[in-house]
Amino acid sequence: MPDRQPTPIGGSSPGETAPTVLPCRNQPELRAVPHVDRDGGGSGSMPAVFPWGRRKVLLLNATFEPLTALSLRRAVVLVVCGKAEVVHGDASGLVLHSSKSEVLVPSVIRLSSYVRVPYRGRVPMTRAGLMHRDRYRCAYCGGRAETIDHVVPRSRGGPHTWTNCVACCAKCNHRKADKLLSELGWRLRVVPAAPRGPHWRLLAGVAEADPQWLPYLGEPAA
């Protein structure tokens, strides 16, 4: 699998230069096995190829600023090549083994050297980001949100923006349909606004964040 450079949170706009992390040559082939203690305990099961594509790892700059969410394979390559260090390992304690080394499956890693982060504009509006902003609560009734609703329906000229979109439960979404709040006598629990801060670009791109990431992402504003 080719070695790729990490992409800044939310990607870079035309004309921007992405942070560069040089590739590592001779990447080791790693396999995951359950953690075995030094006394010989553990399951003793045979090594199995780890499902690389199912996990994401938070990449921090040398200053602990969140940069992006990497694939597990890319994160391990950076650690093995000495370009990053493991800040938090996977809670299950899985260890990746090669013929010459072993690496704890990471959840959060930190670059060994600082990389310049290019200017980033507004946070892109995504379903994941909006759900994080509204904390998965319906903007109308406060129940568990399952979908997104346009406060001013698109059929009536409403834009697809942070200030006109809210998390919504299926029941309220069905009842509201293409009506205005004034026609229903409804009120928003919180006035929707565009989130700010570097961590929001990462949250806009991931459906669920590992709990170990949260101290580095800041407190999401509802």
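Remember, it's a predicted structure, so these values are computed and weren't measured experimentally. (Residues numbered from 1 in each chain as written. Predicted model: local features only at pLDDT ≥ 70, side-chain atom pairs only at ≥ 80, totals over all residues. Heavy atoms only, no water.)

Help me understand the pattern of salt bridges in this model?
Oppositely charged side chains can form a pair if their charged atoms are brought close together. Following the criterion strictly, the structure yields four salt bridges and no others. Of the charged contacts, one joins Asp149 and Lys176 as a salt bridge, the two residues approaching to 3.3 Å between their closest N and O atoms. Placement of Asp149 in strand β8 (residues 147–150) and of Lys176 in helix α3 (residues 170–176) is noted, with a sequence separation of 27 residues between them. Like Asp149, the residue Lys176 is buried in the burial classification. (Salt bridge = Lys/Arg side-chain N within 4 Å of Asp/Glu carboxyl O. Helix = DSSP H or I, 4+ residues; strand = E, 2+ residues; numbered from the N terminus. Buried < 20%, exposed > 50% of the residue type's maximum accessible area, 1.4 Å probe, protein only.)

How should I be thinking about the nonpolar core in this particular structure?
In summary, soluble globular proteins display a tendency toward joint burial of nonpolar side chains. Leu59, Leu67, Leu70, Leu78, Ala84, Ile109 and Leu111 are the most contacted members of the largest nonpolar core, which has 18 residues in total. Contributing elements (two or more residues each) for this core: β2 (56–60), β3 (66–71), α1 (72–80) and β7 (106–111). The dominant element in this core, judged by the number of residues it contributes, is α1, at five residues. (Core = buried A, V, L, I, M, F, W, Y, C linked by side-chain atoms within 4.5 Å.)

Help me out: how do you make sense of the sheet that holds β3 in this one?
Sheet strands line up and pair through hydrogen bonds in the backbone, either parallel or antiparallel. Spatial strand order, β3-β2-β7-β4: four strands in an open sheet with mixed pairing. Among the strands making up the open sheet, the edge pair consists of β3 and β4 (84–89). Between one strand axis and the next, the sheet turns through 30° on average, direction left out of account. One ladder, built from three bridges, connects β2 with β7; its direction is parallel. Directly across from Leu59, in β7, lies its bridge partner Ile109. On top of the sheet, α1 reaches β2, β3, β4 and β7; it is set at about 110° to β3, its chief contact. (Pairing = 2+ DSSP bridges. Axes fitted to C-alpha atoms, helices over the stretch in contact; angles between N-to-C directions. Contact = heavy atoms within 4.5 Å.)

Looking at this model, I keep getting lost on the confidence of the model for the chain. Mind explaining?
Low pLDDT means the predicted atomic positions in that stretch should not be read closely. Per-residue confidence for the chain gives a mean pLDDT of 74, with 64% of residues at or over 70. For the chain, strand β1 (residues 31–33) is the element with the lowest average pLDDT, namely 47, and strand β9 (residues 165–168) is the one with the highest, namely 96. Note that residues 1–20 has pLDDT below 50 and, in this model, 45 contacts with residues that lie over four places away or in other chains. Taken together, the stretch residues 32–52 has pLDDT below 50 and engages in 29 contacts with residues farther than four places along the chain or on a different chain. (pLDDT = per-residue confidence, 0-100.)

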